[in-house]
Amino acid sequence: MLRPVFRLSYSFSNLPRAVFVFRRYASTSTNTQNIRNIAIIAHVDHGKTTLVDQLLRQSGTLKRLTATEQVMLTPTSSSASGVTADSTTDGGFVTRLMDHNDLEKERGITILSKCTSINYKGTLINIVDTPGHADFGGEVERIMSMVDGVALVVDATEGPMTQTRFVLSKALAKGLKPLVVLNKADRLTTRIPQVESDLFDLFATLGATDDQMDYPIVYASAKQGWAKLEAPEVGAEEPAHDGTGMTPLFDLIMNHVPPPTHLDRTKPFSMLTVQIEHDPYVGILYLGRIESGTLGIGDNIHALDADGNKVGDGKVKKIFGRTGLERVELDSAAAGEIISIAGIKNGGVNVSLVSPDGWGEVGPQPLKTTPIDPPTISIFVYPNDGPFAGKEGTKLTSQLIKDRLLKEAETNVALKVLPGPTSESLELRGRGVLHLGVLFETLRREGFEIMIGPPKAVMKPDPENPGKMLEPVEECSILVAEAYAGTVVQKLTMRKGEMLLYENTEPGFVKIEMDVPARGLIGYMAGEFKNDVHGEGTLNHIFKGYFPHKGAVDTGRNGALISMVTGESSGYAIAPLQARGTMFIHPGTHVYPGMVIGECSKSQDIYVNPCQKKQLTNIRAAGADEKIVISSPRIMNLEESIAYMDDDELIEVTPKSIRLRKLVMDQNKRQRITKAKK
């Protein structure tokens, strides 16, 4: 039976729903020969999401907005240009449709893997958009089992970077045959011959097979909306193309990505869950690709963990496929299709959904899961016990925090939640400061108040040298202006970094590759690196492996300016304190004893009174008051605060504030502890 469906996966609050919701009808299973499952993988900012936008536009899936609808979506901007950095539309089309999460929109990055579908010449092409940051590499790893091919997007100027190596290694290990998209080929700074040579070397280094080495290359500009099989002329203002748009890329996907014909539809149903979605009408949805058999409404399903133990069951209530941005309700689905299932209880990520019957004497068996790289950073989380606890948040208890983090760990495969040193604390392990910082930012927006301890690298005992430890080492790729390269190399060398490569790339810029311990990068990337390169540089890193501990790391962190009173800071008190160091607060900020309000210009901590006010008298002054001049304070976001904090400090995170404080807030008690250590 055909049923019209008007559900939309992603909504836009300031746009009428009718703009994106097209009339769709449920359908039967798609023939295996007419299915292509492909993932878009790349380093950060190489153009994955923009490329997906163009594929949606040129396939006819995404419709052009009317003039009235464009006015509703276009933000106020002082720019004279028609398209600005914060524009929601481009040429009448909504941009960055796949990045629908609030944090993704604000930061301009992809955090979660997301699936969409287009129909091209009668073939259903399922496209998975993946993150480019190394901290969210777990999102890339878990979707590899869902696709039959990958499109490796590489910047035609930058060439392969650290995350390019990571995502390509995962695709090659899975046996997938990549196709390469050299994006941003319209730029004057393109280095196409050199980038092609670097890519070939990368494939060879990663141990690609002969079939995988025979990868096709398409040259594209996702922003301009064209792709071609021949390299454009370097330096041309308008690269010549025949007006076919993205057709060469569509045809390459059709010819190079194999259909999932190896999956048997005659066997009982089985599917590996790779993602959990939530729907306000039908509840939890389990997303994955059907590995065998067929599925219909009302079928009984069992959920098995990796060891084959039954963890849940249920009857299928709804089956959803995708057409563009919509969920399309289906009566049935078969092997090779990517679907979402509703009606199963107690499922989870990397849980196998299988039919209980038809497996013979062996019985249903779990599907093989993709191994996930281990976390490298550890942070302890506590409930807020500061003087201002409970004033801004609504979720305060350790039990609420524990339940929320355990729920997050069910879907965030790269996150591990372990017991902490006390009954009220928890240890979180993740891929990096950004990975955990996004989680903490999500918690504070949900009304939680938490305390965050300093980040530490996850160490392992050395099996070959008893009593010694192994530490995680990151492979760093740095693109920086040549004038500031020396400072960056010096700082990373102080943090036990080892240089592997130093070469000129673009005019005036150099590319540096170094191996740096993860603990050495924690305090450098967020703020200090930006100051060292004056905004003219990028630093990307990826986990390389565990190596012997390299000794103490000198971070060069100065002491802190610590408040010794409770109250509201004043400009009168802050003005003379500026000579002592850099301030972190504005006048009018509420402070308490033990709160860090600035960085001292010397190595020791100093207790100060930021709340002192000018004493008023009834005696008329002969001269005018001295004018108070206050410099702008250094306001750090959550990730910068985590990277900056010292071992004896905590971060108080609430829905409205981020405060840095000492672990022991009492001044006298801290002094006694310091003396005892000496």
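Residues numbered from 1 in each chain as written. Predicted model: local features only at pLDDT ≥ 70, side-chain atom pairs only at ≥ 80, totals over all residues. Heavy atoms only, no water.

A. Looking closely at the overall build of the chain. The helix and strand inventory of the chain stands at 16 helices and 38 strands. A burial count over the chain gives 53% of its 678 residues as buried. Taking the contacts inside the chain whose residues are at least 6 apart along the sequence as the reference set, 71% of them involve residues at least 24 apart. (Helix = DSSP H or I, 4+ residues; strand = E, 2+ residues; numbered from the N terminus. Buried < 20%, exposed > 50% of the residue type's maximum accessible area, 1.4 Å probe, protein only. Contact = heavy atoms within 4.5 Å.)

B. A look at the pattern of salt bridges. As enumerated under the stated definition, the model contains 34 salt bridges in all. Of the charged contacts, one joins Arg-670 and Asp-648 as a salt bridge, the two residues approaching to 3.0 Å between their closest N and O atoms. Taken as a pair, Arg-670 in helix H16 (residues 667–677) and Asp-648 in the loop between helix H15 (638–644) and strand E37 (649–653) lie far apart in primary sequence, 22 residues in all. The class of Asp-648 is partly exposed, set by a relative accessible area of 27%. Counted as one network, the salt bridges with shared partners bring together Asp-605, Asp-648, Glu-649, Lys-662 and Arg-670. (Salt bridge = Lys/Arg side-chain N within 4 Å of Asp/Glu carboxyl O.)

C. Looking closely at the environment of Cys-600. Here Cys-600 shows up in strand E35 (residues 596–600). The exposure class of Cys-600 is buried, given its relative accessible area of 2%. A C-alpha to C-alpha distance of 6.1 Å links Cys-600 and Asn-558, two positions 42 residues apart in sequence. Once residues lying within four places of it in the same chain are set aside, the contact partners of Cys-600 are Asn-558, Gly-559, Ala-560, Leu-561, Arg-580, Gly-581 and Ile-606.

D. Local environment of the packing of aromatic side chains. In this structure the tally under the stated criterion is five aromatic pairs. Each ring, one from Phe-203 and one from Tyr-215, has its centre 4.2 Å from the other, and the planes form 20°; the classification is stacked. Here Tyr-215 lies in the loop between helix H7 (210–213) and strand E10 (217–221) and Phe-203 lies in helix H6 (residues 192–205), a separation of 12 residues in the sequence. For the pair formed by Phe-203 and Tyr-215, the shared burial category is buried. (Phe/Tyr/Trp six-rings, centres within 6.5 Å; stacked < 30°, edge-to-face > 60°.)

E. Summary view of the sheet that holds strand E36 (residues 606–608). The sheet built from four strands is open, its strands ordered E33-E35-E31-E36 with mixed pairing. For this open sheet the edge positions go to strand E33 (581–583) and E36, each flanked by a neighbour on one side alone. Adjacent strand axes in the sheet meet at a mean angle of 30°, parallel and antiparallel pairs treated alike. With three bridges connecting them, strand E31 (residues 560–563) and E35 associate as antiparallel partners. Each bridged residue has a counterpart across the sheet, and for Ala-560 the counterpart in E35 is Glu-599. (Pairing = 2+ DSSP bridges. Axes fitted to C-alpha atoms, helices over the stretch in contact; angles between N-to-C directions.)

F. Up close: a nonpolar patch on the surface. A cluster of nonpolar side chains, namely Tyr-572, Ile-628 and Ile-630, defines an oily patch on the protein surface of about 250 Å² accessible area. Take Ile-630: it is sitting in the loop between E36 and H15. (Patch = residues over 30% accessible without salt bridge, like charges linked within 9 Å, V, L, I, M, F, W, Y side chains within 5 Å. Areas by Shrake-Rupley, 256 points an atom, 1.4 Å probe, with all protein chains shown as cover.)

G. Inspection of the nonpolar core at higher detail. Of all hydrophobic cores here, the largest spans 38 residues; its most connected members are Ile-41, Val-150, Leu-152, Val-180, Leu-182, Leu-199 and Phe-203. Where this core is concerned, the elements lending two or more residues are strand E3 (35–42), helix H4 (137–143), strand E8 (149–155), helix H5 (162–173), strand E9 (177–183), H6 and E10. Leave out the neighbours within four places in its chain, and Leu-182 touches Val-154, Ile-192, Val-195, Glu-196, Leu-199, Ile-217, Val-218, Tyr-219 and Ala-220. Ile-377, Leu-426, Ile-452 and Leu-638 belong to the second largest nonpolar core, which has 32 residues in total. (Core = buried A, V, L, I, M, F, W, Y, C linked by side-chain atoms within 4.5 Å.)

H. Molecular detail of the side chain of Asp-129. Its place among the elements puts Asp-129 in strand E7 (residues 123–129). Here Asp-129 occupies a buried position and makes no salt bridge, while the nearest side chain of opposite charge, Lys-114, is found at 5.6 Å. Among the polar contacts listed, one links the side chain of Asp-129 to the side chain of Thr-49, at a separation of 3.1 Å. (Lys, Arg positive; Asp, Glu negative; His and termini not counted. Polar contact = N/O pair within 3.5 Å; in protein donor to acceptor, adjacent residues only side chain to side chain.)

I. Focus on the pairing of E35. Of all five residues in E35, five are buried, a share of seventy percent or more. Bridge count for E33 against E35 is three bridges, and the pairing is antiparallel. Of the residues in E35, the one forming a bridge with Met-583 is Gly-598.

J. Fine view of the confidence of the model for the chain. In this model, the chain carries an average pLDDT of 83, and 87% of its residues clear a pLDDT of 70 or more. For residues 1–26, every residue scores under 50 in pLDDT, and the model assigns this stretch 68 contacts once sequence neighbours within four places are set aside. Low pLDDT, under 50, characterises residues 76–87; the predicted model gives this stretch 10 contacts beyond four residues in sequence or across chains. (pLDDT = per-residue confidence, 0-100.)

K. The sheet that holds strand E6 (residues 114–120), seen in detail. Taken together, seven strands build an open sheet; the order of strands is E6-E7-E3-E8-E9-E10-E11 and the sheet is mixed. Taken across any chain shown, the strands that pair with only one partner, and hence form the sheet edges, are E6 and strand E11 (226–228). Taking the axes of each pair of neighbouring strands and ignoring which way they run, one obtains an average angle of 30° across the sheet. Of the strand pairs in this sheet, E3 and E8 are connected by five bridges, and their pairing is parallel. Each residue of the ladder has a partner; that of Ile-38, found in E8, is Gly-149.

L. Representation of the pairing of E3 in the model. Among the eight residues of E3, eight are classified as buried, and the element is accordingly described as predominantly covered. As judged from the six bridges shared by E3 and E7, these two strands associate in the parallel manner. The residue of E7 that forms the bridge with Arg-36 is Ile-125.

M. Main features of the side chain of Ser-569. Residue placement: Ser-569 occurs in the loop between strand E32 (567–568) and helix H14 (571–577). Taking the relative accessible area as the measure of exposure, Ser-569 reaches 3% and is therefore buried. Apart from the residues lying within four places of it in its own chain, the contact partners of Ser-569 are Ile-574, Ile-585, His-586, Pro-587, Gly-588, Thr-589, Pro-610 and Cys-611.

N. Structural detail: the packing of helix H9 (residues 398–411) against helix H10 (residues 433–445). Running from N to C, H9 and H10 cross one another at 130°; their axes reach a closest spacing of 12 Å. Relative to H10, the element H9 lies oblique. As H9 packs across H10, the resulting crossing turns out to be right-handed. Residues Arg-404, Leu-405 and Glu-408 of H9 form the contact with H10, whose participating residues are Leu-439, Thr-442 and Leu-443. Looking at side-chain class alone, the contact of H9 with H10 contains three nonpolar, one polar and two charged residues. (Parallel < 35°, antiparallel > 145°, perpendicular 65-115°, else oblique. Left-handed = near helix turned anticlockwise from the far one by under 90°. Nonpolar A, V, L, I, M, F, W, Y, C, P; charged D, E, K, R; others polar.)

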